Amino acid sequence: MDRKWWKESIVYQIYPSSFQDSDGDGIGDLNGIRSRLDYLKDLGVNVLWLCPIMDSPMDDNGYDISNYRAINPRFGTMEDFDALLAEAHQRGIRIVMDLVVNHTSDEHPWFIESRKSVDNSYRDYYIWKPGKDGHEPNNWGASFGGSAWKYDPQTDMYYLHLFSPKQPDLNWENPKVRDEVFNMMTWWFDKGIDGFRMDVISMISKDQRFPDGEKHGLYGNGGPYYVNGPRIHEFLQEMNQRVLSKYDIMTVGETPGATVENAPQYAGLDGKELNMVFPFDHVGIGDGPLGKWTTQRYDFMQLKKILSHWQTGLDGKAWNSLFWGNHDQPRAASRWGDDSPLSAKMLAICLLSLQGTPYIYEGDELGMTNAYFKDLSQYRDIESLNAFKELTGAGLISADEMMECLALRSRDNARTPVQWDDSPNAGFTTGTPWIEVNPNYTAINAAAEEKDPDSVFNYYKQMITLRKSHLGLIYGSFQLLAEENPQVFAYRRTLAETGENYLIACNFSDKDAAFTIPADFAGARRLIGNYPDTAPTGAVTLRPYEAFVLQK
Ligand code: TEU
């Protein structure tokens, strides 16, 4: 059992714009986060992951950075950040920042220089190519719609942007770019931060041939030529040697294209690259011909298979990250449950009883749900708005059906303000929120749930306490049970070093489910359950979204 603080931590993800506003401008900020540190401490959080707070024109809500060593004034000042960091540390809470270095903002000084002329000293900080027969250099599409290349008349060339045209990709082949990034990371570590979540870090190495991709909808799929690219592990090992290895920090890579097979290279126990990676296998379940834009519910058996594969596949080789959602995904209770508090409690018990580091997305500890916005004017997210325009414009989906898809899958579902109490705007702001508050805040809010021992909040709190006091729930091996059961995700967790043995059963359906407790767990102690009764034994019926943890 190779114990590490980041393996035993509970990470809480904060989307600063939506967490807590302190100055009435309708946008969350650093002083707002600082005002909620005691709430986070009470929940049992050990690490905060702050989504980007560095300076940005906010084309993609901060994932387009224009100055890596300055705080975005809408979130506060560097002094506010220093105060947040100090007060978090005083409470034993670490702070991990979001490192967005696959691309910058087009308003970053490097890009402003780079586009001036072909012989500018910053030209090769980015990826510039001449057009082909009056068209883009290849047929790749961008994640936020359109071609992945933007024509720049000043030098009659195109630059690559895998996301929005205001997010030009950095050229990691250029050693000067790597020096700039590594020096910036060192600067933040010397300020005392405790790690980085690394945005689309599996995409920084591109196949230098830049060939066309297979046609996929309106454009070619460039993914095979920049996901898990040719020099990715070389770059990450250089980052580790020159920066990461010098500090007691944690790192998690956001890695589209990570698999159980390649995760041990990204996040191997040898510590040569990163500590963990975020897989995308489960969040892609149910995607259709238009990717995430579908009204299809997920297939539970596929979810069970994927989660089990990651649990057994990384055991002893790498360390899992565990998450149901984040700022790019629908709300967990809506995506994987039925919006009910009961389903949210089941998800809490499941998430916090698997092997890996759990990541709780802001508000999921309250059982917050999708907003299910009905009108396009309620949406803010560039991905959602561009997809609506592009897909309906191309006649690939009707406007009504796209609105249904947005209501289920838009990233804005997870970006509505955290619901603190039942006062106007859920206590998030005294001003006008930048995005509407979910009207169900009168029932789902922290103030009410902190007082209610049976609330989703208190289930998360109980389960976090239970996990921290039972190392077997953190480090124990995973063994899937009832593999063919179409409703229940059940598994053993076993830690030989301490002799701990647990059985966890989670009914992922809104119907009764048959399940048989293994004989060796007859009479085992129930540590937690979301229905008020004693430990089950033998052939049982799990009630809708029932979940429990038994220890023998
Ligand atoms: O997301 C990476 C990514 O792959 C996204 O396209 C994500 O899969 C998609 O939005 C799901 O629908 C990261 C950040 O998490 C995201 O917020 C940024 O928009 C993106 O990179 C660009 O920086």
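Residues numbered from 1 in each chain as written. Predicted model: local features only at pLDDT ≥ 70, side-chain atom pairs only at ≥ 80, totals over all residues. Heavy atoms only, no water.

(A) Structural context of the domain arrangement of the protein chain. Along its sequence, the protein chain is carved into domain 1 (11-101 + 175-208 + 219-371 + 414-462), domain 2 (109-160), domain 3 (374-409) and domain 4 (477-551). Between the C-alpha centres of domain 2 and domain 3 the distance comes to 28 Å. (Domains from an automatic or database assignment.)

(B) Up close: the sheet that holds strand S5 (residues 94-99). Pairing is parallel around the closed barrel formed by eight strands, whose spatial order is S1-S2-S5-S9-S12-S13-S14-S15. Taken over all neighbouring pairs, the strand axes of this sheet differ in orientation by 25° on average, direction set aside. With three bridges joining them, strand S1 (residues 11-14) and strand S15 (residues 357-361) adopt parallel strand pairing. Note on S15: the bridge partner recorded for Val-11 is Tyr-359. Contacts between helix H7 (residues 175-191) and the sheet are confined to S5 and strand S9 (195-198), with S9 contributing the most and set at about 140° to the helix. (Pairing = 2+ DSSP bridges. Helix = DSSP H or I, 4+ residues; strand = E, 2+ residues; numbered from the N terminus. Axes fitted to C-alpha atoms, helices over the stretch in contact; angles between N-to-C directions. Contact = heavy atoms within 4.5 Å.)

(C) Just the confidence of the model for the protein chain, in detail. Summing up the model confidence of the protein chain, the mean pLDDT is 97 and the portion of residues at 70 or higher is 100%. Element-level pLDDT for the protein chain is lowest in strand S10 (residues 214-216), with a mean of 90, against a maximum mean of 99 in S1. For this predicted complex, the interface score ipTM comes out at 0.97, alongside a pTM of 0.98. (pLDDT = per-residue confidence, 0-100.)

(D) Broad picture of unusual backbone geometry. Residues other than glycine seldom take positive phi values, yet Met-58 does so here, at roughly 65°. Its place among the elements puts Met-58 in the loop between strand S3 (54-55) and strand S4 (67-71). Here Asp-156, not a glycine, exhibits a phi torsion of approximately 55°, which is positive. In this structure, Asp-156 sits in the loop between strand S7 (149-152) and strand S8 (157-160).

(E) Expanded view of the UniProt feature "domain: Glycosyl hydrolase family 13 catalytic" (unreviewed entry) in the protein chain. UniProt feature "domain: Glycosyl hydrolase family 13 catalytic" (unreviewed entry): in the numbering of this structure it lies at residues 13-415. Taken end to end, residues 13-415 is 30% helix and 14% strand, and its first and last C-alpha atoms sit 12 Å apart. (UniProt positions renumbered as here; feature names shortened; annotations may be inferred.)

(F) Broad picture of the pattern of salt bridges. Here the structure, examined in full by the defined rule, presents 39 salt bridges. One salt bridge in this structure joins Glu-234 and Arg-231, with 2.6 Å as the shortest N-O distance. The residue Lys-292 makes a salt bridge to Glu-383 at a minimum N-O spacing of 2.7 Å. Of this pair, Lys-292 sits in the loop between strand S13 (276-278) and helix H10 (300-314) while Glu-383 sits in helix H13 (residues 382-393); the two residues are 91 residues apart in sequence, bridging distant segments of the chain. Here Lys-292 and Glu-383 have matching classes, each one buried. (Salt bridge = Lys/Arg side-chain N within 4 Å of Asp/Glu carboxyl O. Buried < 20%, exposed > 50% of the residue type's maximum accessible area, 1.4 Å probe, protein only.)

(G) Main features of the packing of aromatic side chains. Across all of its chains, the model carries 37 aromatic pairs by this definition. Here a set of aromatic residues connected by ring pairs shows up, and it is made of Tyr-298, Phe-300, Trp-324, Trp-336, Phe-478, Phe-489, Tyr-491 and Phe-508. Lys-7 extends its terminal NZ or CZ atom over the ring of Trp-319, reaching a point 5.1 Å from the ring centre. We note Lys-191 situated over the ring of Trp-187; from NZ or CZ to the ring centre the distance is 5.6 Å. (Phe/Tyr/Trp six-rings, centres within 6.5 Å; stacked < 30°, edge-to-face > 60°. Lys NZ or Arg CZ within 6 Å of the ring centre and 35° of its normal.)

(H) Seen up close, empty space enclosed by the protein. Overall, the coordinates contain five cavities of 30 Å³ or more when judged by the stated rule. Taken as a whole, the largest cavity holds about 140 Å³ of empty space. Lining the largest cavity are 13 residues, with His-282, Leu-307, Ser-321, Leu-322 and Phe-323 positioned closest to its centre. Split by residue class, the lining of the largest cavity holds nine nonpolar, four polar and no charged. (1 Å grid on protein atoms, 1.4 Å probe; cavity = no way out; pocket = protein on both sides within 12 Å on 5 of 7 lines; lining within 4 Å. Points joined across faces, edges and corners; volume = space filled by probe spheres on them. Nonpolar A, V, L, I, M, F, W, Y, C, P; charged D, E, K, R; others polar.)

(I) Representation of the state of the cysteines within the structure. Under the defined criterion, the tally for this structure stands at zero disulfides. Unpaired in this structure, Cys-350 has its nearest cysteine sulfur neighbour in Cys-506, at a distance of 4.2 Å. Judged by its relative accessible area of 0%, Cys-350 falls in the buried class. (Disulfide = S-S within 2.5 Å.)

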